[in-house]
Amino acid sequence: MKSARIVKPKESLEVKELETPKPKGSQVLIKVQSSGVCHSDIHLWEGGYEGIGGQFLNTTDRGVKYPLTPGHEIAGIVDSLGEEAQGFTKDEKVLVYPWIGEGLCPACRSGEENLCDKPRSLGIYMDGGYAEYVLVPSYRYLVKIDDEMDTDASATISCSALTAYGAVKNANLKPYDNVVIVGAGGLGLMAIQLAKAVTGSKIIAMDLDDEKLSAAKKNGADNTINSKKEDPIRAVMELTDNMGADAVIDFVNASKTVETDMQFLRKRAKLVLVGLFGGELKLSLVSMPTRAYRLIGSYTGTLSDMTELISLAKRGVIKPLVSNRFKLSQATEALTMLKEGKIVGRGVINP
Ligand SMILES: [Zn+2]
Ligand SMILES: [Zn+2]
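Remember, predicted model here, so these are calculated numbers, not experimental data.

Scoring rules and cut-offs
- Residues numbered from 1 in each chain as written.
- Chains lettered and ligands numbered in written order.
- Predicted model: local features only at pLDDT ≥ 70, side-chain atom pairs only at ≥ 80, totals over all residues.
- Heavy atoms only, no water.
- Patch = residues over 30% accessible without salt bridge, like charges linked within 9 Å, V, L, I, M, F, W, Y side chains within 5 Å.
- Areas by Shrake-Rupley, 256 points an atom, 1.4 Å probe, with all protein chains shown as cover.
- Salt bridge = Lys/Arg side-chain N within 4 Å of Asp/Glu carboxyl O.
- Helix = DSSP H or I, 4+ residues; strand = E, 2+ residues; numbered from the N terminus.
- Buried < 20%, exposed > 50% of the residue type's maximum accessible area, 1.4 Å probe, protein only.
- Donors = N, O, S within 2.8 Å, 3.2 Å for Na, K, Ca; no water.
- Tetrahedral: all angles 85-135°; square planar, octahedral: opposite > 155°, others 65-115°.
- Phe/Tyr/Trp six-rings, centres within 6.5 Å; stacked < 30°, edge-to-face > 60°.
- Lys NZ or Arg CZ within 6 Å of the ring centre and 35° of its normal.
- Pairing = 2+ DSSP bridges.
- Axes fitted to C-alpha atoms, helices over the stretch in contact; angles between N-to-C directions.
- Contact = heavy atoms within 4.5 Å.
- Expected span 1.5 Å × (residues − 1).
- Arc of directions from axis to C-beta.
- Core = buried A, V, L, I, M, F, W, Y, C linked by side-chain atoms within 4.5 Å.

Further remarks concern a nonpolar patch on the surface. Where nonpolar side chains cluster on the molecular surface, the patch consists of Leu281, Leu283, Leu285 and Leu295 and spans about 330 Å² of accessible area. With respect to the helices, strands and loops of the structure, Leu281 is situated in the loop between β14 (265–273) and α9 (287–290). Relative accessible area serves as the criterion here: at 31%, Leu281 is assigned to the partly exposed category.

Here you go:
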């Protein structure tokens, strides 16, 4: 089978001919039809993230090994099953849950495998979907999708939509809440759709780009703020009767955005940090208890969240947006375009 692999960080991905795996036990081999191109693939490609004081956090220190086939938003059809795999038949269309844990830690035991102490996520710690086939460790990580559902759009549910959904759930929004969604890219737009569909809160979208803000409005934002053109703190205060935001979901999560977020929080506000831009934050420690802020990190979502999302997508409540399609040989181009902000919705690779 052909796989587009990161052989060495920062170098172009190489299309390699690898032996097609044979599923054993509860494993299932999936013929990949669509694999989403995610921002975190860029970090894998670059070999790390920005940490405190400009320090670089290496992916290899977190257990990532190269060469690696990236790709964790995988939709395709069942090719073959191990002797213990059940519940699926050949050619059935499925979405793969990639946030696989080792199964025994407290997170795994409480259904939060995405937060496993020893993660084995597909496309990060194990070979993923930038390939003609992917070996899934167990049939338990497959969810059937209807034939009439678009395969490319469905693929993006397992990270893009799931991360947005996990963040909206972590914000625990109430009907009377004002929520500020920072960053109206793919994830932000999905969070706006979800917050609109499953909560009754007032949604304020914030971005630097008017085009993205007008998309935010179309997707359900009640108000928008261009933080480049107007003072974001004053704008939020005006829209919230000077009370501040009850919740902020920050899909950028850079020093600059979070420092601003901290300035428009209402007492008891939740600040949900999602983006992987990175950097550092100076905190006024006394404000944390006196204003009872809650700082929450949010990473992807659970298998049951993904199942809920498939149902929401099937009923048309959320509409994942796929804007660019690439071949395996164009993997480097796909990552470069994403890095340069040239992909408006989501890019997918069709091996
Ligand atoms: Zn992702
Ligand atoms: Zn675990």
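Additional details are given in the paragraphs that follow.
Turning to the pattern of salt bridges, a few remarks are in order. Under the definition given, this model contains 15 salt bridges. Among the ionic pairs, Glu17 bridges to Lys2, the shortest N-O distance being 3.8 Å. With a gap of 15 residues between them, Glu17 in strand β2 (residues 14–17) and Lys2 in strand β1 (residues 2–5) connect regions that are remote in the sequence. For Glu17, a relative accessible area of 58% translates into the label exposed. The salt bridge partner of Asp146 is Lys314, with a shortest N-O separation of 3.3 Å. Of the two residues, Asp146 is situated in the loop between β9 (142–144) and α3 (151–155) and Lys314 in helix α10 (residues 303–314); the sequence distance between them amounts to 168 residues. Take Lys314: its relative accessible area is 53%, and that puts it in the exposed class. Because the salt bridges share partners, they merge into one network encompassing Lys169, Asp305 and Glu308.

It is worth spelling out the coordination of the zinc ion (ligand 2) at this point. Every protein donor of the zinc ion (ligand 2) is accounted for by Glu102 (OE), Cys105 (SG), Cys108 (SG) and Cys116 (SG), and the metal-donor separations fall at 2.2 to 2.3 Å. In this structure, the zinc ion (ligand 2) is coordinated by four donor atoms arranged in irregular fashion, with angles at the metal of 83 to 126 degrees. Of note, the zinc ion (ligand 2) draws all its donor residues from one chain, in the sequence arrangement E-x2-C-x2-C-x7-C. Its relative accessible area of 6% is what places Cys105 among the buried residues.

Within this structure, the stated rule accounts for one aromatic pair. With a centroid separation of 5.6 Å and 70 degrees between ring planes, the pair formed by Trp99 and Tyr299 is classed as edge-to-face. Here Trp99, found in the loop between β7 (93–96) and α2 (106–109), pairs with Tyr299, found in the loop between β15 (294–297) and α10; they are 200 residues apart in sequence, far enough to count as distant. In this structure Tyr299 comes out as partly exposed when scored by relative accessible area, which is 35%. Just above the ring of Tyr141 sits the side chain of Arg140; from NZ or CZ to the centre is 5.0 Å.

On the basis of which strands lie adjacent, the open sheet formed by six strands has the order β12-β11-β10-β13-β14-β15 and parallel pairing. Of all strands in the sheet, those bounded by a partner on one side alone are β12 (223–226) and β15. Strand-to-strand, the axes of this sheet are offset by a mean angle of 20 degrees, without reference to chain direction. Packed on one face of the sheet, helix α5 (residues 186–198) meets β10 (178–182) and β11 (202–207) and runs near 175 degrees to β11. Helix α7 (residues 232–239) rests against β10, β11, β12 and β13 (245–250) of the sheet, and its axis sits at about 165 degrees to β12.

Over its 12 residues, α10 runs 17 Å from end to end, which matches the ideal 16 Å to within 8%, given 1.5 Å per residue. Asp305, Met306, Leu309, Ile310, Leu312 and Ala313 are the residues of α10 that are buried. Each buried residue of α10 lies within a common arc of 165 degrees when the element is viewed along its axis, so the set occupies one face. Each element contacted by the buried residues of α10 is listed here: β7, β9, α4 (160–171) and α5. Positive backbone phi, approximately 80 degrees, marks Gly316, located one or two places after α10.

Right, let's get into the nonpolar core. Membership of the largest hydrophobic core comes to 79 residues, with the highest contact counts inside it found for Ile30, Tyr130, Leu194, Ile249 and Leu309. A per-element tally of this core places α4 first, with seven residues. Those residues within four positions of Ile249 in sequence are excluded, and the remaining contacts are Ala167, Val168, Ala171, Val179, Val180, Ile181, Val182, Val272 and Val274. Of all hydrophobic cores here, the second largest spans 18 residues; its members include Val182, Ile204, Leu273 and Tyr293.

Geometry only, nothing functional implied.
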